[in-house]
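One-letter residues, chain by chain:
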Amino acid sequence: MSNKTISSALISVFSKDGLEPIVKKLNDLNVTIYSTGGTEKFIKDLGINVVPVEDVTSYPSILGGRVKTLHPKVFGGILNRQNHEGDVAELAEFEIPQIDLVIVDLYPFEKTVASGANNQDIIEKIDIGGISLIRAAAKNYADVTCVSSVDDYAEFLELLETKNGETSEEDRKRFAAKAFNVSSHYDTAIFNYFNKNHEEAALKISETKGKVLRYGENPHQKGFFFGDFDAMFTKLHGKELSYNNLLDVDAAVNLILEFKGEDPTFAILKHNNACGFAQRDTIHQAYVDALAGDPVSAFGGILISNYDIDKVTAEEIHNLFCEVVIAPSFSDEALEILKGKKNRILLVLNDIELPKTTVRTCLNGILVQDKDNKTDSIEDLKTVTKTAPTQQEIEDLIFASKLCKHTKSNTIVLAKNKQLCASGTGQTSRVDALNQAIHKAKSFNFDLEGAVMASDAFFPFPDCVEIADKAGIKAVIQPGGSIKDELSINYCNENDVAMVFTGTRHFKH
């Protein structure tokens, strides 16, 4: 490995946080520092000598600061090969100073977009000089160290202090990898901003926050999570989340957001599907009635609420072995109770916007689609039978439809008084899904007389409505659209069953 001693540095950063100790250490090591604009002033204010880049290039900063470092005397100093006789000669001929270290961060493009700034302000946060300096320094890692992010300042300062300004090729290559990670992520964010309406059929995903999980779905599989989990949740207690935990948490969050701002609602999920769900006047009663939906499957499940969890609810939850509890907040008393199980994961769901697309691997490629952001509402309902649903049935039908949307196809959801009675999940036949749901409901002593039924897709035959009718169900919600819709409609008309169409299918494969 080739060791290099840093004798000169170019520093030009947007954020000055954490820069002071590095600059002071470089000064202690007698490193010549070049800089521009605000960074130059920052260094001068520390009482440290700094050479303005303008003195090297003989050009001032122009075009409102858009052009400062884009000059052969800067990039020649970075890109020259120190063991190349021709490069060394040209540096001497054109009076180009050697640059051994580049410290640059980029304009905050993503933060500016997230702030809701106007297009012109966003465009001005597209870094040109900074990204070019990073790429040049990282390319020439054989001779140059590139520090491209505030996140790397601590590591670099430790390197300076332990090695007195000397770097190995391994050190420089490690920082170069970090630099290309920064630059590629930055370009991805810019492309996705310009392509937010998907004019270009191109997929670019970049997540710089990654975490190694204990394993994947099974212990023999490696697992990773890439994303900003801390922006999504505030973790209050418990062990690390597993791959399967994260999948269940994702399903739970997407489901409960359908009921955001509504009356207290509680869901219990297992393997991405709700096994218990209820909406009540209090969150305590919502939990009790959700658990009644399937107290067997609830064991080891994921619990989520759209409402603050209080002491009395926590006392009920504490009697159940569950992996994760999620809520907008927990009272102090509730938190003390729930922390009684050291491995139980407690999460506060922050108010954050979720992605508008879904992505999954397929064959030797990737499938991308718009997220199913359509939620069936009363305005969508079209009564297609002589018998119209009652007001209570309408409320239950919408309730069941939201659940159905978030349950694996083929699915049937049975609900009554805003409580999940049972669902048939992931069946190859819709009849099987219905029979599964009825059997499950009866096994937990649910009276289906007056319950409603939701289906994620249309009924090609009248068999499902007939089975449901004979079980006591008198209101049905489905998308419609089968060429044989009339068969189901006729059966309902002949047996006083109300049926509404939504016009929207909600497959979930």
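Residues numbered from 1 in each chain as written. Predicted model: local features only at pLDDT ≥ 70, side-chain atom pairs only at ≥ 80, totals over all residues. Heavy atoms only, no water.

### Topic: the packing of helix α4 (residues 72-79) against helix α8 (residues 129-139)
Stage number 1. Close contact between α4 and α8 brings their axes to 8 Å; oriented N to C, the two are set at 30°. As judged from the angle between their axes, α4 and α8 are roughly parallel. Of the residues in α8, those in contact with Val74, Phe75, Ile78 and Leu79 of α4 are Gly129, Ser132, Leu133, Ala136, Ala137 and Lys139.
Stage number 2. For the contact of α4 with α8, the residue count by class is 7 nonpolar, 2 polar and 1 charged. (Axes fitted to C-alpha atoms, helices over the stretch in contact; angles between N-to-C directions. Helix = DSSP H or I, 4+ residues; strand = E, 2+ residues; numbered from the N terminus. Parallel < 35°, antiparallel > 145°, perpendicular 65-115°, else oblique. Contact = heavy atoms within 4.5 Å. Nonpolar A, V, L, I, M, F, W, Y, C, P; charged D, E, K, R; others polar.)

### A short note on the pattern of salt bridges
Stage number 1. Within the structure shown, the criterion is met by 25 salt bridges.
Stage number 2. One salt bridge in this structure joins Lys418 and Glu395, with 3.6 Å as the shortest N-O distance. Pair noted here: Lys418 is in the loop between β19 (412-415) and β20 (420-424) and Glu395 is in helix α16 (residues 391-405), with a separation of 23 residues, a long-range link.
Stage number 3. A relative accessible area of 30% means that Glu395 is categorised as partly exposed.
Stage number 4. Sharing partners across several salt bridges, the network here consists of Asp152, Glu155, Lys163, Asp171, Arg174 and Lys178. (Salt bridge = Lys/Arg side-chain N within 4 Å of Asp/Glu carboxyl O. Buried < 20%, exposed > 50% of the residue type's maximum accessible area, 1.4 Å probe, protein only.)

### What to know about the environment of Asp447
Stage number 1. The residue Asp447 is located in the loop between α17 (430-443) and β21 (452-455) in this model.
Stage number 2. The spacing of Asp447 and Ala471 is 24 residues in sequence and 9.1 Å in space, taken between C-alpha atoms.
Stage number 3. For Asp447, the side chain forms a polar contact with the main-chain nitrogen of Glu449, separated by 3.0 Å. (Polar contact = N/O pair within 3.5 Å; in protein donor to acceptor, adjacent residues only side chain to side chain.)

### Side note on the environment of Phe42
Stage number 1. With respect to the helices, strands and loops of the structure, Phe42 is situated in helix α2 (residues 37-45).
Stage number 2. According to the relative accessible area criterion, Phe42 is partly exposed, its value standing at 22%.
Stage number 3. The spatial distance from the C-alpha of Phe42 to the C-alpha of Ser297 is 61 Å, given a sequence separation of 255 residues.
Stage number 4. What Phe42 contacts, discounting residues up to four positions off in sequence, is Lys16, Leu19 and Glu20.

### Some details on unusual backbone geometry
Stage number 1. Between Ser409 and Asn410 the backbone carries a cis peptide bond, its omega angle lying at -15°.
Stage number 2. Structurally, Asn410 is set in the loop between α16 and β19.
Stage number 3. For His271, which is not glycine, the phi dihedral falls at a positive 50°.
Stage number 4. With respect to the secondary-structure elements, His271 resides in the loop between β11 (265-270) and β12 (273-279).
Stage number 5. Although it is not a glycine, Asp496 adopts a positive phi angle of roughly 55°.
Stage number 6. As for its placement among the helices and strands, Asp496 is situated in the loop between α19 (485-494) and β23 (498-501).
Stage number 7. Assessed through its relative accessible area of 53%, Asp496 is described here as exposed.

### Some points on the sheet that holds β12
Stage number 1. Strand order in the open sheet formed by 6 strands is β10-β15-β14-β13-β11-β12, and the pairing between neighbours is mixed. The open sheet has two edge strands, β10 (233-237) and β12, and neither has a second partner. Averaged over neighbouring strand pairs, the angle between their axes works out to 20° when direction is ignored.
Stage number 2. Across 4 bridges, the pairing between β10 and strand β15 (residues 345-349) is antiparallel. By the bridge assignment for β15, Lys235 is matched with Leu347.
Stage number 3. In the packing of helix α13 (residues 283-292) onto the sheet, contacts are made with β11, β12 and β13 (301-305), and the angle to β11 comes to roughly 30°. (Pairing = 2+ DSSP bridges.)

### Topic: the pairing of β19
Stage number 1. Residues Ile412 and Leu414 of β19 are buried on one face, and the alternating residues Val413 and Ala415, pointing to the opposite face, are buried as well.
Stage number 2. Bridge count for β19 against β20 is 4 bridges, and the pairing is antiparallel. Across the sheet, the residue bridging to Leu414 is Ala422, located in β20.
Stage number 3. In this structure, β19 lies alongside β21, joined through 4 bridges in antiparallel fashion. Residue pairing for β21: Val413 is matched across the bridge by Ala454.

### As for the sheet that holds strand β3 (residues 32-35)
Stage number 1. Across the sheet, which stays open at both edges, the 5 strands sit in the order β4-β3-β2-β5-β6 with parallel pairing between neighbours. At either end of the open sheet lies a strand with only one pairing partner, and these are β4 (51-52) and β6 (145-147).
Stage number 2. For strand β5 (residues 101-104) and β6, the ladder comprises 3 bridges, and the chain directions are parallel. What sits directly across from Val102, in β6, is Cys146.

### With respect to a negative patch on the surface
Stage number 1. Together, Asp308, Asp310, Glu315 and Glu316 line one region of the surface with negative charge.
Stage number 2. Take Glu316: it is sitting in helix α14 (residues 311-317). (Patch = residues over 30% accessible without salt bridge, like charges linked within 9 Å, V, L, I, M, F, W, Y side chains within 5 Å. Areas by Shrake-Rupley, 256 points an atom, 1.4 Å probe, with all protein chains shown as cover. Lys, Arg positive; Asp, Glu negative; His and termini not counted. Charge placed at Lys NZ, Arg CZ, Asp CG, Glu CD.)

### Focus on the side chain of Ser409
Stage number 1. Turning to its location among the elements, Ser409 is positioned in the loop between α16 and β19.
Stage number 2. Exposure remark for Ser409: the relative accessible area of 10% places this residue in the buried category.
Stage number 3. Setting aside anything within four residues of it in sequence, one finds Ser409 in contact with Gly426, Gln427, Asp456, His506, Phe507 and Lys508.

### Comments concerning the environment of Ile412
Stage number 1. If you trace the backbone, Ile412 turns up in strand β19.
Stage number 2. Separated by 236 residues in sequence, Ile412 and Ala176 have C-alpha atoms that sit 54 Å apart.
Stage number 3. Setting aside residues up to four positions removed in sequence, Ile412 forms contacts with Ala422, Ser423, Gly424, Arg430, Ala433, Leu434, Ala437, Met453, Ala454, Ser455 and Phe459.

### Section: a nonpolar patch on the surface
Stage number 1. A cluster of nonpolar side chains, contributed by Leu203, Ile205, Val359, Ile366 and Val368, occupies part of the molecular surface with about 430 Å² of accessible area.
Stage number 2. With respect to the helices and strands, Val368 occurs in strand β17 (residues 365-370).
Stage number 3. Taking relative accessible area as the criterion, Val368 reaches 43% and is therefore assigned partly exposed.

### Some points on the nonpolar core
Stage number 1. Counting 40 residues, the largest nonpolar core has Phe233 and Ile326 as the members making the most contacts within it.
Stage number 2. When residues no more than four places from it in sequence are discounted, the contact partners of Ile326 are Phe233, Val249, Ile302, Leu303, Ile304, Ser305, Leu347 and Leu349.
Stage number 3. The next biggest cluster of nonpolar side chains, apart from the first, holds 28 residues, and it includes Leu106, Ile131, Tyr186 and Ala189. (Core = buried A, V, L, I, M, F, W, Y, C linked by side-chain atoms within 4.5 Å.)

The analysis is restricted to geometry; functional conclusions fall outside its scope.
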